[in-house]
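# Inside the fold
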Amino acid sequence: MRASHFFISTLKEAPSDAEIVSHKLMVRAGMIRRLGSGIYNYMPMGLRVIRKVEHIVREEMNRAGAVELLMPLVQPAELWEETGRWDKMGPELLRVKDRHGRDYAIQPTSEEVVTDIARSEIKSYRQLPVNFYHIQTKFRDERRPRFGLMRGREFTMKDAYSFDRDAEGLKRSYQAMVDAYTRIFNRFGLKFRAVAADNGAIGGSGSQEFHVIADTGEDALVYCPQSDYAANIEAAEALPPSVSRAAASQPLSKTPTPGKSRCEDVAQLLTLALTQTVKSIVLSVEKEEGEREIWLLLLRGDHELNEVKAGKLPGIGPFRFASDTEIMEHFACKPGYLGPIGVAKSVKIVADRTVAVMSDFVCGANEEDFHYTGANWGRDLPEPLVADIRNVVAGDPSPDGKGTLEIQRGIEVGHVFQLGTRYSADMKATYLDENGKPQLMQMGCYGIGVTRILGAAIEQNFDAKGIIWPASIAPFEVVLCPMGLDRSQTVRELADTLYKRLLESGVDVILDDRGERPGAMFADWELIGVPHRVVIGERGLKDGLLEYQGRRDATPTQVPREDMVAFLKAKLA
């Protein structure tokens, strides 16, 4: 590619709405342009990266035995109604009507459609296993689109769906996809981690997320350096404390704490450790016929609620945080001074595992400006329902018993699920076994955020000058920067010769023949992030040398002109 035949549209400044590094740099590098809230045009430079990501994904999916098809962006509501997701998905599912008033969904995912294909096309056990995949536009009507491609509304995703005869077959298909994903992210040249995850709205049983490691990541990843344990913080178990509850040693006392509604402030006032306090979180739980039930969850003062774990408490159902009105109605006290002692029997109390072994603790007295000190289970209030409802913290014991946990940040770019019969049961997707009896197909689903990979790769690979793409997904592998192209016949001829030789060698190279000044030319390519640069100038040519500089290199390297093709091939290898 010659730059004069391409479209390069770099900017010196990022738009004011760009909040994170990847959004700023993608706009400045001319890779995306905003069309609407969470919707972007993929410009030629950005599209080249997307196509390289797709190419690697296709190669590894095909290598793993998956078969590509293409499902439509617009899907009939009837399919979503069969699985109950037409209503459950909420406002994130964009619903439209055609001219006849029929309902359709703009697909955020394709479980229903692919299951419809399977039940229509697969009749016999001889046709299984099979894994269908496609790379398609998706739309999720995010409440607050932000961060460019990281949390947009329209995006490109590779989603695959496996169909097997039984649970053992599903496990094999699932592992094949885990292995394929590992190869894919290794080929991307990104640092990543696969972690155990919660299934969320997709449903099913086991799942794993693939995260690109980045300090700016939204997700907290938990891992044990001494073992292979890794999980999303939503799925990481906080083990029960190894110590037993100590006997009560203090009397229960209502203590004035004027204006101190936070555990941190109460601990400071009473000169106690924060770990001696208990915080109260009130949930309003939806029950039948519009009725609501109040739940009081208790956590140690330095711990945080894990909402995913809370949502799995037996009998809890859909919940939200209680309103001030609901709190006043059930506790006769405003938030900040709530506690479990003396509450109405209708309030369901759940204590985190850590709280359940505490003694002589501090909690709210359900009276403004007062807390109880010296509170103890059994003596001052009944023994609670105990559950793991908190986020783990660094230093907690690993659930596999092989060390302690650490936490790092990551950006989710892939997710694999063992769905089981979650969709095949609802949609009656069956096959005939060896005995001619119908059996439900076992399903798995596997997604990769194709366009999200761009943002994640940049968040992991950038500096003050711009993007630093891994060579495998860079818009171009090599850029040739001739100095004084319009003034020097020698420079022009060597640039053309080297350009043709690199193309013939299979190198994805761009020749910058725009006639830009060296400073502007270098700044453009450093911003765009091409990983390898060759400078061709008369001064070096007099000595038979060309100047090479990798995007991460602090200084250039002089390379004999006749060796440059082999030198670059070695670098790219």
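Anything mentioned here points back to the structure above.
Fair warning: this is a prediction, and the values are worked out from it, not measured in the lab. (Residues numbered from 1 in each chain as written. Predicted model: local features only at pLDDT ≥ 70, side-chain atom pairs only at ≥ 80, totals over all residues. Heavy atoms only, no water.)

The 5 strands lie next to each other as E28-E27-E29-E30-E31, forming an open sheet whose pairing is mixed. Sheet topology places strand E28 (509–511) and strand E31 (557–560) at the edges, where each strand pairs with a single neighbour. For this sheet the average axis-to-axis angle between neighbouring strands, irrespective of direction, equals 25 degrees. Sheet contacts for helix H14 (residues 518–528): strand E27 (478–482), E28 and strand E29 (532–536); angle to E27, the most-contacted strand, approximately 175 degrees. (Pairing = 2+ DSSP bridges. Helix = DSSP H or I, 4+ residues; strand = E, 2+ residues; numbered from the N terminus. Axes fitted to C-alpha atoms, helices over the stretch in contact; angles between N-to-C directions. Contact = heavy atoms within 4.5 Å.)

Okay, the packing of aromatic side chains next. Summed over the entire model, instances satisfying the criterion amount to 11 aromatic pairs. Residues phenylalanine 185 and phenylalanine 188 carry aromatic rings whose centres are separated by 5.6 Å and whose planes lie at 85 degrees to one another, so their mutual orientation is edge-to-face. Here phenylalanine 188 and phenylalanine 185 lie together in helix H6 (residues 167–188), a separation of 3 residues that amounts to about one turn. Assigned by exposure class, phenylalanine 185 and phenylalanine 188 land together as buried. When the centroid spacing of 5.0 Å and the interplanar angle of 70 degrees are considered together, the rings of tyrosine 548 and phenylalanine 567 count as edge-to-face. (Phe/Tyr/Trp six-rings, centres within 6.5 Å; stacked < 30°, edge-to-face > 60°. Buried < 20%, exposed > 50% of the residue type's maximum accessible area, 1.4 Å probe, protein only.)

Moving on, we come to the state of the cysteines. Two cysteines, two sulfur atoms, one covalent bond between them: this is a disulfide. Applying the stated criterion across every chain yields a total of 0 disulfides. With no disulfide partner, cysteine 333 has as its closest neighbouring cysteine sulfur the one in cysteine 363, 12 Å distant. Judged by its relative accessible area of 3%, cysteine 333 falls in the buried class. (Disulfide = S-S within 2.5 Å.)

To continue, consider the side chain of histidine 134. In this fold, histidine 134 is placed in strand E7 (residues 130–139). Polar side-chain contacts of histidine 134 include one of 3.1 Å to the backbone nitrogen of methionine 71. Looking at histidine 134, its side chain comes within polar contact range of the side chain of aspartate 159, at 3.0 Å. Among all residues touching histidine 134, those that are not within four sequence positions of it are Leu69, Leu70, Met71, Gln107, Ser110, Met157, Lys158 and Asp159. (Polar contact = N/O pair within 3.5 Å; in protein donor to acceptor, adjacent residues only side chain to side chain.)

With antiparallel pairing, 3 strands are arranged side by side in an open sheet as E13-E19-E18. Each edge of the sheet is formed by a strand with only one pairing partner; in this case those strands are strand E13 (253–256) and strand E18 (361–364). Pairwise comparison of adjacent strand axes, ignoring direction, gives a mean angle of 35 degrees for this sheet. Taken together, the 3 bridges between E18 and strand E19 (residues 370–375) define a ladder with antiparallel strand orientation. By the bridge assignment, phenylalanine 361 is partnered in E19 with alanine 375.

A separate point is the packing of helix H2 (residues 44–63) against helix H12 (residues 450–460). The N-to-C vectors of H2 and H12 enclose an angle of 110 degrees; their axes lie 9 Å apart at closest approach. Between H2 and H12, the interaxial angle falls into the category roughly perpendicular. Here the hand of the crossing between H2 and H12 comes out right-handed. Where H2 approaches H12, its residues Gly46, Val49, Ile50, Val53 and Glu54 are matched on the opposing element by Val450, Thr451, Ile453 and Leu454. (Parallel < 35°, antiparallel > 145°, perpendicular 65-115°, else oblique. Left-handed = near helix turned anticlockwise from the far one by under 90°.)

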